[in-house]
Amino acid sequence: MDSVRTDSSDTNHYDVIVLGVGGMGSATVCELAERGKKVLGIDRYDIPNTMGSSHGATRIIRMAYYQGGDYVTLVRSAFDLWRKLEQKTGETLLHVTGSIDAGLPDSEIVQGSLQSCREHNLEHQVLSGKELCEKFPGYQFPEEVQGIFQADGGVLFADKIIKAYVRLAQQYGAEIHANEQVTQWHAADNSVTVITEHGQYTADKLVITAGPWFSKMMSHLPEMVAPERQVVAWFDPIKPELFNPSHFPVFNLLLGEGHYYGFPVYDETGFKFGRAHHLNEIVDPDTMNREVSDYDKKIVRQGAEKFFPEGAGDMLDSATCIYTNTEDEHFIIGTLPESPQVSFAGGFSGHGFKFCSVMGEIMADLAEHGKTQHDIELFRLDRFTGVGQK
Ligand SMILES: Cc1cc2nc3c(=O)[nH]c(=O)nc-3n(C[C@H](O)[C@H](O)[C@H](O)COP(=O)(O)OP(=O)(O)OC[C@H]3O[C@@H](n4cnc5c(N)ncnc54)[C@H](O)[C@@H]3O)c2cc1C
């Protein structure tokens with residue numbers, strides 16, 4: 001790390017700089033500004049943009065958590081904070097539809113979801129394939145499928161949320177720079193210097209929330225994440241009444257042919273449907289093919305037609321997006337052992353958005369105090385680096 005001179009009376013000096021103002025960064029900037037910090041958020045693209053991981057109208061939030069019961073406590077905190085954000089902004093940002101986790105009865109998704117419900121006393125129902133289709137007639141799942149219905153799950157309005165965080169952060173006094181790429185950062189003594197294509201800034205603390213560019217912004221560490229190209233599509237349902245949010249829960253369906261997820265229809269956007277890990281394409285976010293090919297569309301349509309035949313009418317739209325996967329699909333959150341003034345959050349592995357609200361709190365805690373009361377043990381950096389972490 002280079003040694004740098006910092007002058008805290010400089011107008012280019014901040015308490016905290018947040019590198020990357022996507023889902024995680026926008027929540028972090030907002031929380032820090034609300035705590036009275038002089039904060040600068042910098043993003044290389046528009047805010048929100050369609051280049052990273054957080055774009056589009058919707059993301060699933062679910063309380064039942066097949067990836068591990070440890071997440072449930074964090075989702076509970078996230079839920080509370082989403083409701084608080086709605087109160088602060090007067091906007092509807094979360095809509096409850098209930099959630100379904102479905103697969104073969106002994107599958108990881110069904111057993112994991114069930115276990116998380118039992119561990120955390122979450123009310124839930126275990127439904128057979130036939131019962132699922134009767135209760136939610138938009139679904140056409142095979143009879144051998146089992147689904148866990150958990151009533152608290154639902155939809156977060158992602159683009160609206162990022163805009164709300166940024167607007168609120170600015171009201172609290174945050175400075176936000178869009179379309180300004182960070183090219184380098186250095187930590188020295190008790191400060192950081194951030195160099196962009198437009199200038200240089202110093203701060204007491206740096207928070208790195210660079211999404212798919214996590215490894216590029218943490219290039220002194222071993223590569224721990226693999227950005228992966230995703231494709232989602234929106235269909236015009238043949239029977240729109242079956243895809244109404246009042247009786248179409250968000251779902252994850254894991255079967256031999258793939259892991260599918262989807263949402264009810266909101267306004268004019270259509271039935272959103274995707275196959276997680278789409279074609280298993282590991283990419284460089286700077287050079288990824290962002291066009292949706294006919295083959296991409298065919299793969300998505302196949303799943304939609306098979307499990308939601310009344311939903312798979314004309315394809316209204318499609319888009320690419322990026323997962324940032326770790327090997328164990330758990331996040332990476334902490335402070336750098338050698339430079340504790342630098343904290344980071346990445347590797348959200350395709351399931352991070354629902355946590356943005358609580359991540360704002362966690363990252364602000366790490367920047368302000370170097371620790372947080374939230375349990376982030378599962379996300380330790382040293383499980384990959386082997387280097388001690390506070
Ligand atoms: C298709 C798809 C579906 C998903 N569905 C769900 C879901 O249903 N539920 C759920 O919880 N999660 C879901 N996820 C995952 C979730 O969206 C992500 O985990 C989350 O959005 C990650 O947010 P982030 O802030 O880490 O990344 P991003 O939102 O990508 O933010 C990173 C930001 O950093 C900026 N940046 C990077 N490098 C620089 C630089 N050098 N200088 C300045 N700025 C920089 C980028 O421009 C970007 O804006 C999904 C993801 C995808 C792709």
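Quick note: structure is the one above.
Residues numbered from 1 in each chain as written. Predicted model: local features only at pLDDT ≥ 70, side-chain atom pairs only at ≥ 80, totals over all residues. Heavy atoms only, no water.

Undergrad: Help me out: how do you make sense of the pairing of strand E1 (residues 13-19) in this one?
TA: Across a regular strand the side chains alternate sides, sitting on one face of the sheet and then on the other. Counting buried positions over the seven residues of E1 gives six, a clear majority of the element. In this structure, E1 lies alongside strand E12 (residues 200-208), joined through six bridges in parallel fashion. Along E12, the bridge assignment pairs valine 16 with lysine 205. Where E1 and strand E2 (residues 39-42) come together, four bridges link them in parallel fashion. Across the sheet, isoleucine 17 pairs through a bridge with leucine 40, a residue of E2. (Buried < 20%, exposed > 50% of the residue type's maximum accessible area, 1.4 Å probe, protein only. Helix = DSSP H or I, 4+ residues; strand = E, 2+ residues; numbered from the N terminus. Pairing = 2+ DSSP bridges.)

Undergrad: Any chance you could explain the site of the ligand here in plain terms?
TA: Surveying the vicinity of the ligand reveals 35 residues, the closest of which are Asp43, Ser54, Ile60, Cys321 and Lys354. Within the backbone of valine 182, a nitrogen or oxygen atom sits 2.9 Å from a nitrogen atom of the ligand. Contact between the ligand and lysine 354: an oxygen atom at 2.8 Å from a side-chain N or O atom of the residue. Tallying contributions element by element places strand E18 (residues 315-325) first for the shell around the ligand, with three residues. Each residue belonging to the shell around the ligand can be placed in one class, and the counts come to 17 nonpolar, 13 polar and five charged. (Near = heavy atom within 4 Å. Polar contact = N/O pair within 3.5 Å; in protein donor to acceptor, adjacent residues only side chain to side chain. Nonpolar A, V, L, I, M, F, W, Y, C, P; charged D, E, K, R; others polar.)

Undergrad: I keep staring at the environment of methionine 224 and nothing clicks. Help me out?
TA: Within the secondary structure, methionine 224 is located in the loop between helix H6 (214-217) and strand E13 (226-235). With relative accessibility at 9%, the residue methionine 224 sits in the buried group. Sequence separation between methionine 224 and threonine 92 is 132 residues; the distance between their C-alpha atoms is 36 Å. When neighbours within four sequence positions are excluded, methionine 224 is seen to be in contact with Phe214, Ser215, Asn325, Thr326, Glu327, Ile332, Leu381, Phe384 and Thr385. (Contact = heavy atoms within 4.5 Å.)

Undergrad: What am I meant to see in unusual backbone geometry here?
TA: Leaving glycine aside, a negative phi is the common case for residues, and trans is the common case for peptide bonds. With an omega of -10°, the peptide bond running from isoleucine 47 to proline 48 counts as cis. Phi at aspartate 189 is positive, roughly 45°, even though this residue is not glycine. Inspection of the secondary structure assignment puts aspartate 189 in the loop between strand E10 (182-188) and strand E11 (191-196). Given the relative accessible area of 67%, aspartate 189 is considered exposed. The backbone phi angle of histidine 277 is positive, close to 65°, even though this residue is not glycine. Tracing the chain through its elements places histidine 277 in the loop between strand E16 (271-276) and strand E17 (281-282). Here histidine 277 falls in the partly exposed class, since its relative accessible area comes to 22%.

Undergrad: Would you mind going over the sheet that holds strand E4 (residues 94-96) with me for this structure?
TA: Taken together, three strands build an open sheet; the order of strands is E3-E8-E4 and the sheet is antiparallel. Edge positions in the sheet fall to strand E3 (58-61) and E4, since each of these pairs with one other strand and no more. Neighbouring strand axes in the sheet, compared pairwise and without regard to direction, differ in orientation by 25° on average. Two strands pair when backbone bridges link them, and E4 and strand E8 (residues 154-157) are joined in this way by three bridges, in the antiparallel orientation. By the bridge assignment, leucine 94 is partnered in E8 with leucine 156. Where helix H2 (residues 70-89) meets the sheet, it contacts E3, E4 and E8, and its direction lies at approximately 120° from that of E4. (Axes fitted to C-alpha atoms, helices over the stretch in contact; angles between N-to-C directions.)

Undergrad: Sorry, what's going on with the packing of aromatic side chains here?
TA: Taken as a whole and assessed by the stated rule, the structure comprises 35 aromatic pairs. Ring plane angle 50° and centroid distance 5.0 Å describe the contact between tyrosine 139 and phenylalanine 248, whose orientation is recorded as tilted. Taken as a pair, tyrosine 139 in the loop between helix H4 (129-135) and strand E7 (146-150) and phenylalanine 248 in the loop between E13 and strand E14 (250-255) lie far apart in primary sequence, 109 residues in all. Across the pair, exposure class does not vary: tyrosine 139 and phenylalanine 248 are buried alike. Each ring, one from phenylalanine 251 and one from phenylalanine 273, has its centre 6.3 Å from the other, and the planes form 40°; the classification is tilted. Residue phenylalanine 251 is found in strand E14, and its partner phenylalanine 273 is found in strand E16; the two are separated by 22 residues along the sequence. An aromatic cluster of at least three residues, connected via ring pairs, comprises Phe136, Tyr139, Phe141, Phe149, Phe243, Phe248, Phe251, Tyr260, Phe271, Phe273, Phe307 and Phe308. Sitting over the ring of tyrosine 14, lysine 38 keeps its end group 4.8 Å from the ring centre. Here lysine 135 stacks its cationic end above the ring of phenylalanine 149, 5.3 Å away from the centre of that ring. (Phe/Tyr/Trp six-rings, centres within 6.5 Å; stacked < 30°, edge-to-face > 60°. Lys NZ or Arg CZ within 6 Å of the ring centre and 35° of its normal.)

Undergrad: What should I look at first to understand the packing of helix H1 (residues 23-34) against helix H8 (residues 356-369) in this one?
TA: Packed helix pairs are specified by the crossing angle of their axes together with the interaxial distance, meaning the distance between the axes. Viewed as axis vectors pointing N to C, H1 and H8 meet at an angle of 55°, and their least axial separation amounts to 7 Å. One finds that H1 runs oblique with respect to H8. By crossing handedness, the relation of H1 to H8 is classed as right-handed. Along its contact with H1, which presents Gly23, Met24, Ala27, Thr28, Glu31 and Leu32, the element H8 presents Cys356, Met359, Gly360, Glu361, Met363, Ala364 and Ala367. (Parallel < 35°, antiparallel > 145°, perpendicular 65-115°, else oblique. Left-handed = near helix turned anticlockwise from the far one by under 90°.)

Undergrad: Honestly, helix H5 (residues 158-171) in this entry has me stumped. Any pointers?
TA: Between its terminal C-alpha atoms H5 stretches 20 Å, which fits the 20 Å expected from 14 residues at 1.5 Å a residue. Residues of H5 that are buried make contact with H1, E3, H2, E8, strand E9 (175-177) and H8. (Expected span 1.5 Å × (residues − 1).)

Everything listed here is a matter of coordinates, which is why it stays silent on function.
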